[in-house]
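Secondary and tertiary structure notes
Here's the letter readout for the chains.
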Amino acid sequence: MIIAIDGPAGSGKSTVSKLLAEKLGFLYLDTGAMYRALTLKVIREKIDSRDEKKIESIAAGLNFRFQDGRVFLDNEDVTQAIRAPQIDKNISDVCKIKKVREYIVALARKIARNYSCVTEGRDTTTVIFPAAEFKFYLDADYKVRAERRYGELSAKGINISREEVAADLKRRDEADMSRTVGPLKKSADAQVIDTTAFSIDEVVRILAEKITSA
Ligand code: DC
């Protein structure tokens, strides 16, 4: 079974997906982690982030797996390494390459053949798993999303103002929605859940109920 969750930054989709996967005993298929692992390899091999051909060939042979909640690249646990700021700086060049997206999509589908999954990422309901049994689009009021993001960053000790966070979120919303390859779109058959008034745990409970009662 595939449960695909999409939504804009700050909608809570990553946390919700992870917790929902745990609750249901499913694999958390984090497509962002796949792009992050690829970007890590590109950086480690000192490939120019504009060298599309080389990046494509790395994507084609990517040795990647999820295991016990960890992320492995070439049999090395890179769960921490893929969260480094350097990855965030370079990842958009990698993500926008059409062929790279095709390889990652194919890899995600291959993984999903062997496991029941909760998957999330910007194009999971539309491109990667258009036939997923359950599709949810988590949304929340822009101000609430900005506040959540601010809370997350502050909790990590990152010194940033509310205004900067809100401006950054606005930029990300626009970039996510206007990207020509794999843009963020509400799938017509996704159940839209407005999480503005709910805590993460409440959202997980709502989704789990929808799945188990269907
Ligand atoms: O969700 P995240 O922050 O780990 O995602 C990392 C990057 O990967 C982010 O810049 C968006 C991109 N991404 C994507 O283009 N398509 C996906 N399905 C998942 C993530």
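Residues numbered from 1 in each chain as written. Predicted model: local features only at pLDDT ≥ 70, side-chain atom pairs only at ≥ 80, totals over all residues. Heavy atoms only, no water.

This brings us to the overall build of the chain. Helix and strand counts for the chain come out as 9 helices and 8 strands. Compactness check: the chain gives a C-alpha radius of gyration of 17 Å against a globular reference of 17 Å for 214 residues, within 12% of the reference. The principal-axis extent of the C-alpha atoms belonging to the chain is close to 45 × 45 × 30 Å. With 214 residues in all, the chain has 46% of them scored as buried. For the chain, the share of sequence-separated contacts (at least 6 apart) that also reach a separation of at least 24 residues comes to 75%. Accessible area for the chain stands at about 11,300 Å²; split by element, carbon and sulfur atoms hold 50% of it. Taking the average location of the 37 positive side-chain charges in the chain and that of its 33 negative ones, the two points are 3 Å from each other. (Helix = DSSP H or I, 4+ residues; strand = E, 2+ residues; numbered from the N terminus. Rg over C-alpha atoms; globule rule 2.2 N^0.38 Å. Buried < 20%, exposed > 50% of the residue type's maximum accessible area, 1.4 Å probe, protein only. Contact = heavy atoms within 4.5 Å. Areas by Shrake-Rupley, 256 points an atom, 1.4 Å probe, with all protein chains shown as cover. Lys, Arg positive; Asp, Glu negative; His and termini not counted. Charge placed at Lys NZ, Arg CZ, Asp CG, Glu CD.)

Further remarks concern the sheet that holds strand β5 (residues 76-77). If you trace the 3 strands from one edge of the open sheet to the other, you get β3-β4-β5, paired in antiparallel fashion. Either end of the sheet is taken by a strand with one partner, and the two such strands are β3 (64-67) and β5. Inspection of the sheet shows strand β4 (residues 70-73) paired to β5 by 2 bridges, in the antiparallel sense. Note that in β5 the partner of Phe72 across the bridge is Asp77. (Pairing = 2+ DSSP bridges.)

The next thing to look at is the pattern of salt bridges. Enumeration according to the criterion identifies 18 salt bridges in this entry. Where Asp93 meets Lys96, a salt bridge forms, and the shortest distance between an N and an O atom there is 3.2 Å. We classify Asp93 as partly exposed; its relative accessible area is 22%. Accessibility expressed as a relative area gives 46% for Lys96, which makes it partly exposed. Its salt-bridge partner being Arg205, residue Glu209 comes within 3.7 Å of it at the nearest N-O pair. With Glu209 and Arg205 both in helix α9 (residues 200-212) and 4 residues apart, the pair spans about one turn of that helix. (Salt bridge = Lys/Arg side-chain N within 4 Å of Asp/Glu carboxyl O.)

Residues of strand β2 (residues 27-30) alternate between two faces, with Leu27 and Leu29 on one and Tyr28 and Asp30 on the opposite face, all of them buried. Sheet topology note: the β2/strand β6 (residues 117-120) ladder contains 4 bridges and is parallel. Across the sheet, residue Leu29 finds its bridge partner in β6, namely Thr119.

We now examine the site of the ligand. With respect to spatial proximity, the complete set of residues near the ligand consists of Thr31, Gly32, Tyr35, Arg36, Arg83, Ile91, Cys95, Arg101, Gly121, Arg122, Asp123 and Arg179. A distance of 3.1 Å is found between a nitrogen atom of the ligand and a side-chain nitrogen or oxygen belonging to Thr31. The contact in question runs from an oxygen atom of the ligand to an N or O atom on the side chain of Arg36, over 2.7 Å. In isolation the ligand exposes 450 Å². Once the protein is present, 87% of that is buried. (Near = heavy atom within 4 Å. Polar contact = N/O pair within 3.5 Å; in protein donor to acceptor, adjacent residues only side chain to side chain.)

Glancing now at the packing of aromatic side chains. Geometrically, a pair of aromatic rings is defined through the distance of the ring centres and the angle of the planes. Taken as a whole, this structure holds 2 aromatic pairs when the rule is applied. Aromatic pair Phe64 and Phe66: ring centres 4.9 Å apart, planes at 90°, arrangement edge-to-face. With a relative accessible area of 8%, Phe64 lands in the buried category. Between the aromatic rings of Phe134 and Phe136, the centroid separation amounts to 6.3 Å while the plane-to-plane angle is 10°, which identifies the pairing as stacked. The two residues Phe134 and Phe136 agree in class, both being buried. The ring centre of Tyr142 lies 5.9 Å from the NZ or CZ of Lys170, which sits over that ring. (Phe/Tyr/Trp six-rings, centres within 6.5 Å; stacked < 30°, edge-to-face > 60°. Lys NZ or Arg CZ within 6 Å of the ring centre and 35° of its normal.)

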